[in-house]
Amino acid sequence: TFVVLCAAGVPAIWLLIPKSYVVSGAIRVDPIIPNILTGEDGGMSNYTSFMTTQAMRVTRPQVVTEVAKDLSNKGLEFFDPQGTLAAKLARRFTRKAIEPAPEKVLEDAILDELITARPLQRGEHIMVNMTWRDSSEAIRIVDSFIGKYMALEGTSASDKEEGTLAALEDEQKLLAGKLEAYQSQIRSMADEFGTKKLDERYDMNLQRVGMLLSQFTEVQARRIYLQAQVQVLMAPHLYYVPEEYG
């Protein structure tokens, strides 16, 4: 019985199960990110975590939708399950055609790990892999995933940079307003003291203090002189009496 089953089953499995190909594409993630303010390159401290996050974003719903729009009308067998054995059996028993949405086909392939995106443990690349019986279709699908991912990430990065630049422009306007207010204050102080330089203003203050001290000294001397005059005027008068009058 075993020999008969093997004789009938092995050729059937061999003929019914199509040959599969594994197609791989790579996305290089530069570990050096330039500073948008200075333009200088700076290292990425959490590079491994960043790579893992970006690998997950390769198969996110937005990318899947864009890939489905790009390839669903190109006549790929991957999106047309009518010719598969499962589709034929389903049509025979249900007499209904199975026409899942292109996004659903891609999502199922990702869940079944027919399409994967994983970072290399050592390296700067994210590997996008697809297992499929038609290598040419797998190449087109992998290329589409890579292209749509990079397009969306580029748009996202551009939007982020635009938001950062807008925030910097607002801050620049605020600082320009403060600078103008400070300049106005400096002009008013220059009109009051006759100079904008602090050294000259300091010298002017010293000169003014010296003049005030000199005037104070003169006033003090005048006060002492006047007090002496008052004391003289308030003292009792001394009269000269000749001797002959005893």
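Details of the structure are given in the entry above.
Right, let's walk through the structure included here. Think of each chain on its own: its residues are numbered from 1, step by step along the sequence as written. Under the rules for a predicted model, residues below a pLDDT of 70 receive no local features and side-chain atom pairs below 80 are neither given nor counted, while totals for whole chains, interfaces and linings still include all residues. Derived side-chain values reflect all non-hydrogen atoms in the structure, with water molecules and hydrogen atoms excluded from consideration.

Considering unusual backbone geometry
Excluding glycine, most residues fall at negative phi; most peptide bonds, likewise, are trans.
Argument step 1. Of note in the backbone geometry, Glu 113 takes a positive phi value of approximately 60° without being a glycine.
Argument step 2. The helix and strand labels rest on DSSP assignments: H or I over at least four residues marks a helix, E over at least two residues marks a strand, and numbering proceeds from the N terminus. As for its position among the elements, Glu 113 is in the loop between helix H5 (102-111) and strand S4 (115-119).

Structural notes on the packing of helix H3 (residues 61-71) against H5
Argument step 1. Fitting a line to C-alpha atoms yields each axis, with helices limited to the stretch in contact; the angle taken between N-to-C directions then spans 0 to 180 degrees. Running from N to C, H3 and H5 point in directions that differ by 125°, and their axes come no closer than 9 Å. It follows that H3 is oblique to H5 by the angle criterion. Here H3 runs over H5; the crossing is right-handed. Of the residues in H5, those in contact with Val 64, Thr 65, Val 67 and Ala 68 of H3 are Pro 102, Glu 103, Leu 106, Glu 107 and Ile 110.
Argument step 2. Here the nonpolar group is Ala, Val, Leu, Ile, Met, Phe, Trp, Tyr, Cys and Pro; Asp, Glu, Lys and Arg are the charged ones; every other residue, Gly included, is treated as polar. Its residues assigned to classes, the contact of H3 with H5 shows six nonpolar, one polar and two charged. Roughly parallel covers angles under 35 degrees, roughly antiparallel covers those over 145, roughly perpendicular covers 65 to 115, and oblique covers all other angles. Left-handed describes a crossing whose near helix is turned anticlockwise from the far helix by less than a right angle; the clockwise case is right-handed. Here a residue-residue contact requires only that any non-hydrogen atoms of the pair lie within 4.5 Å.

Quick notes on the sheet that holds strand S1 (residues 21-28)
Argument step 1. Being paired, for any two strands, means DSSP has found at least two bridges between them. Strand order across the open sheet formed by three strands is S1-S5-S4, with antiparallel pairing between neighbours. On the outer flanks of this sheet lie S1 and S4, each paired with one strand and no other. In this sheet, adjacent strand axes meet at a mean angle of 20° when their direction is disregarded.
Argument step 2. Bridging between S1 and strand S5 (residues 125-132) involves eight bridges; their strand directions are antiparallel. Each residue of the ladder has a partner; that of Arg 28, found in S5, is His 125.

Some points on helix H2 (residues 47-58)
Argument step 1. Here H2 spans 17 Å end to end across twelve residues, near enough to the 16 Å set by a 1.5 Å rise per residue.
Argument step 2. Between buried and exposed lies partly exposed: a residue is buried under 20% and exposed over 50% of the maximum accessible area for its type, with that area taken using a 1.4 Å probe on protein chains only. What H2 keeps buried is the set Tyr 47, Met 51, Gln 54, Ala 55 and Val 58. Buried positions in H2, seen along its axis, are confined to an arc of 105° and lie on one side of it. Here, expected helix span is obtained from the residue count minus one, scaled by 1.5 Å. Here the arc refers to the set of directions running from the helix axis out to each C-beta atom.

Things to note about the nonpolar core
Argument step 1. Here, the term nonpolar core denotes a set of buried Ala, Val, Leu, Ile, Met, Phe, Trp, Tyr and Cys residues that are joined through side-chain atoms within 4.5 Å. Within the largest apolar cluster, 31 residues are counted, with the highest numbers of intra-cluster contacts made by Phe 78, Leu 106, Ile 115 and Phe 145.
Argument step 2. Counting only elements with at least two residues in this core, the list comes to S1, H2, H3, H5, S4, S5 and helix H6 (135-193).
Argument step 3. If we skip the residues at most four places from it in the chain, Leu 106 touches Val 64, Val 67, Ala 68, Phe 78, Phe 79, Ile 115 and Phe 145.

A word on the packing of aromatic side chains
Argument step 1. Two rings from Phe, Tyr or Trp (for Trp, the six-membered ring) form a pair when their centres are within 6.5 Å of each other. A pair whose planes differ by under 30 degrees is stacked, one over 60 is edge-to-face, and the rest are tilted. Counting across every chain of the model gives two aromatic pairs.
Argument step 2. Ring plane angle 90° and centroid distance 5.2 Å describe the contact between Phe 78 and Phe 79, whose orientation is recorded as edge-to-face. Taken as a pair, Phe 78 and Phe 79 share a single burial class, namely buried.
Argument step 3. Their ring planes at 85° and their centres at 5.0 Å tell us that Phe 78 and Trp 132 sit as a pair that is edge-to-face. Separated by 54 residues along the polypeptide, Phe 78 in the loop between H3 and helix H4 (85-94) and Trp 132 in strand S5 bring together distant segments of the chain. With respect to burial, Phe 78 and Trp 132 carry one shared label: buried.
Argument step 4. These aromatic residues form a ring-pair network of at least three members: Phe 78, Phe 79 and Trp 132.

Re H5
Argument step 1. Burial in H5 covers these residues: Val 105, Leu 106, Ala 109 and Ile 110. Projected down its long axis, H5 carries its buried residues within an arc of 135°, all on one side.

Description of the side chain of Glu 137
Argument step 1. Tracing the backbone through its elements, the reader meets Glu 137 in helix H6.
Argument step 2. Of the side chains bearing the opposite charge, Arg 133 lies closest to the buried Glu 137, which forms no salt bridge; the N-O distance is 6.9 Å.
Argument step 3. Each polar contact in these results corresponds to two N or O atoms within 3.5 Å; when the atoms are within protein, one needs to be able to donate a hydrogen and the other to accept it, and residues that are neighboring in sequence are counted only if both atoms are side-chain atoms. In this structure the side chain of Glu 137 is engaged in a polar contact, spanning 3.1 Å, whose partner is the backbone nitrogen of Phe 78.
Argument step 4. Dropping the residues within four chain positions of it, Glu 137 is found in contact with Leu 76, Glu 77, Phe 78 and Trp 132. Here Asp and Glu are counted as negative and Lys and Arg as positive; His is not counted, and neither are the chain ends. Each salt bridge in this description consists of a side-chain nitrogen of Lys or Arg and a carboxyl oxygen of Asp or Glu lying within 4 Å of one another.

By themselves these figures say nothing about function.
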